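Inside the fold
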Amino acid sequence: MSIKTRFAPSPTGYLHVGGARTALFSWLHAKKNNGQFVLRIEDTDLERSTQESVDAILEGMEWLGLDYDEGPIYQTHRFERYKEIIQQLLDQGDAYYCYCSKEELESLREQQMANKEKPRYNGKCRHNAEVKEGVSPVVRFRNPEEGVVILSDLVKGEINIANKELDDLIIARSDETPTYNLTVVVDDMDMGITDVVRGDDHVNNTPRQINILKALGAELPRYAHLPMILGDDGARLSKRHGAVGVMQYRDDGYLPEALLNYLVRLGWSHGDQELFTREEMIQLFDLSDVNVAASAFNTEKLLWINHQYIMNSEPELVAKHLSWHMLQRDIDVETEGPSLVDIVKAQRERSKTLVDMAEASLYFYKDFDEYDAKAAKKNFKAGADDVLAGLLAEFSKVAEWDGTVLHEIVLMTAEKLELKLGKVAQPLRVAVCGAGMSPSIDVTLELLGREKTLARIQRAIDYMKLQ
Ligand code: GLU
């Protein structure tokens, strides 16, 4: 039987780390088994769902490269179908109208709480409900009273729930809109979902959903409930821990491949391997290796993985993502300055994020406004202007602008002036970059090009004259 999984986010916020991890595991389980993956947007909560969230989810999925075979399917387009099923359950006697008022239910709840009982519906309308004129009833599922629901979870193992623990849940509100447990069941059934992979915050819903599926005569899917993700302080992951939408990671300079690699290790492992290509993930992933225990989010590790990807990915791929960051800084790398691939090669060892890399590469494309104060103070001392004037004269004579040749000139100048190399190279670096740090001087000068190098050396000489 071929496998079909789904990711079913509610568009009430952006695609956050936890959701992305669920999507990834569900996607991997499908890919691994040559199955299919569906994206379903659970937007029936009209008050909390927004188009902005839908867009953020779609954008996040695309950025991460989590493609889907079907979808996005919107639940709001399926209201007629849900109505049909609710009617079917009513006709079969597996659902009933309930006229209990909010006040009645509230006082029942209070009573149960006072008696230290679990709050649950007492089944008042289950048999011969008294029809109340002018009151729009809700519809409740008639949960079996006897027996046990057996859930063989692919991650958590077997979980047994006695039916008497479950009360008759509402499947349609008084305005006739369907509730979450009903829509999920209808969709999983209609879409032929064989494996439901989702967060374990839904594990309590599963026995209820199984009972509805049984009442509909549907084939039961397998379930895999993924453990929670905690912050590094052990509390449930939240914004406070940096659990932001995945697009924030793009903005912060992470490669999607790095984030995906980090996410796959949240609750899953393969020996002590840390780095996985997409193909390796697909090949090695197995739901049976998912941890039962919660996993902790660790920003340091994510940063480490990102650096590994920046250093070891094809420079062309890194450059593609870097160009987005340059554009954010009003630099169009197509029309000005050195090739971004060369920038990546020069900067990747020292850049943990693409934001670091972009910030540290601006001077290759446009003039900096001012010198880094510390670097200028330290390196633009008396005599440095003569050193720079000497370099300028020699650089002007160079026929072919080549790093090795330029480096030779720096060495020769130091020798001629009987200065340590740093006394020549550092003022030069500050002159051309505005800061005390850059790739090696030969690479820096070659990438900058003749025009910028000469103009900036002259600018530094002029600057020192004014001091
Ligand atoms: N829409 C639900 C949520 O975002 C998920 C439902 C499911 O996976 O069954 O939490």
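Provided above is the structure to which this section pertains.
Below, the structure is looked at part by part. All of these numbers come straight from a predicted model, not from anything done at the bench. (Residues numbered from 1 in each chain as written. Predicted model: local features only at pLDDT ≥ 70, side-chain atom pairs only at ≥ 80, totals over all residues. Heavy atoms only, no water.)

As a structural note, the neighbourhood of the ligand is formed by R6, A8, P9, S10, E42, Y180, V184, R198 and H202. Separating an oxygen atom of the ligand from a side-chain N or O atom of R6 is a distance of 2.7 Å. Between the ligand and Y180, the relevant distance is 3.1 Å, taken from an oxygen atom to a side-chain nitrogen or oxygen of the residue. Relative to its unbound accessible area of 300 Å², the ligand is 81% covered by the protein chains. Counted by class, the shell around the ligand contains four nonpolar, two polar and three charged residues. (Near = heavy atom within 4 Å. Polar contact = N/O pair within 3.5 Å; in protein donor to acceptor, adjacent residues only side chain to side chain. Areas by Shrake-Rupley, 256 points an atom, 1.4 Å probe, with all protein chains shown as cover. Nonpolar A, V, L, I, M, F, W, Y, C, P; charged D, E, K, R; others polar.)

Viewed as axis vectors pointing N to C, helix α17 (residues 421–433) and helix α19 (residues 450–466) meet at an angle of 105 degrees, and their least axial separation amounts to 8 Å. Judged on the interaxial angle alone, α19 and α17 are roughly perpendicular. Contacts from L428, A431 and V432 in α17 reach T453, R456, I457 and A460 in α19. Among the residues forming the contact of α17 with α19, the class breakdown is five nonpolar, one polar and one charged. (Axes fitted to C-alpha atoms, helices over the stretch in contact; angles between N-to-C directions. Helix = DSSP H or I, 4+ residues; strand = E, 2+ residues; numbered from the N terminus. Parallel < 35°, antiparallel > 145°, perpendicular 65-115°, else oblique. Contact = heavy atoms within 4.5 Å.)

With antiparallel pairing, three strands are arranged side by side in an open sheet as β4-β5-β8. At either end of the open sheet lies a strand with only one pairing partner, and these are β4 (95–98) and β8 (170–172). Averaged over all pairs of adjacent strands, the angle between their axes in this sheet comes to 45 degrees, without regard to strand direction. The pairing of β4 with strand β5 (residues 138–141) spans four bridges and is antiparallel. What sits directly across from A95, in β5, is F141. (Pairing = 2+ DSSP bridges.)

Another aspect to go through is the packing of aromatic side chains. Between two aromatic rings, the relevant description is the distance of the centres plus the angle of the planes. The tally for this structure, following the rule as stated, stands at twelve aromatic pairs. Through pairs of rings, three or more aromatic residues link up here, namely F25, W268, F276 and F285. Sitting over the face of the ring of F25, R21 holds its NZ or CZ atom 5.3 Å from the ring centroid. Here R459 stacks its cationic end above the ring of Y371, 5.4 Å away from the centre of that ring. (Phe/Tyr/Trp six-rings, centres within 6.5 Å; stacked < 30°, edge-to-face > 60°. Lys NZ or Arg CZ within 6 Å of the ring centre and 35° of its normal.)

Further remarks concern the pairing of β5. Residue alternation in β5 divides its side chains into two sets, V138 and R140 and V139 and F141, and both sets are buried. Looking at chain direction, β5 and β8 are connected through two bridges and run antiparallel. Paired with V139 across the bridge in β8 is A172. (Buried < 20%, exposed > 50% of the residue type's maximum accessible area, 1.4 Å probe, protein only.)

Let us look at a positive patch on the surface. On the surface, K377, K378, K381, K420 and K423 cluster together to form a positively charged patch. Tracing the chain through its elements places K377 in helix α14 (residues 373–379). (Patch = residues over 30% accessible without salt bridge, like charges linked within 9 Å, V, L, I, M, F, W, Y side chains within 5 Å. Salt bridge = Lys/Arg side-chain N within 4 Å of Asp/Glu carboxyl O. Lys, Arg positive; Asp, Glu negative; His and termini not counted. Charge placed at Lys NZ, Arg CZ, Asp CG, Glu CD.)

A separate point is the pattern of salt bridges. This model, assessed by the stated rule, comprises 27 salt bridges. One salt bridge in this structure joins E165 and K118, with 3.3 Å as the shortest N-O distance. Note that E165 is positioned in the loop between β7 (157–162) and β8 and K118 in the loop between α4 (102–114) and β5, a separation of 47 residues in sequence. Under the relative-accessibility criterion, E165 is labelled partly exposed at 42%. Across the salt bridge formed by K156 and D200, the nearest N and O atoms sit 3.1 Å from each other. Here K156 is found in the loop between β6 (148–153) and β7, whereas its partner D200 is found in the loop between β9 (195–199) and α6 (206–215), with 44 residues between them in sequence. Among the residues examined, K156 registers a relative accessible area of 28% and is labelled partly exposed.

Right, let's get into helix α8 (residues 256–264). Count 3.6 residues to each turn of an α-helix, and residues three or four apart come out pointing the same way. Of all nine residues that make up α8, eight are buried, and the element is covered over most of its length. Among the residues of α8, those classed as buried are P256, A258, L259, L260, N261, Y262, L263 and V264.

F395 and L428 are the most contacted members of the largest nonpolar core, which totals 99 residues. Here this core takes eight residues from helix α1 (residues 17–32), the largest share from any one element. Grouped together as the second largest cluster of nonpolar side chains are 28 residues, I86, L166, L182 and M191 included. (Core = buried A, V, L, I, M, F, W, Y, C linked by side-chain atoms within 4.5 Å.)

Within the element layout of this structure, L237 appears in the loop between β11 (229–230) and α7 (246–251). As for L237 and S295, which are separated by 58 residues in sequence, their C-alpha atoms are 9.9 Å apart.

What follows concerns the side chain of T206. Inspection of the secondary structure assignment puts T206 in helix α6. Excluding residues that lie within four positions of it along the chain, T206 makes contacts with L151, R198, Y223 and H225.

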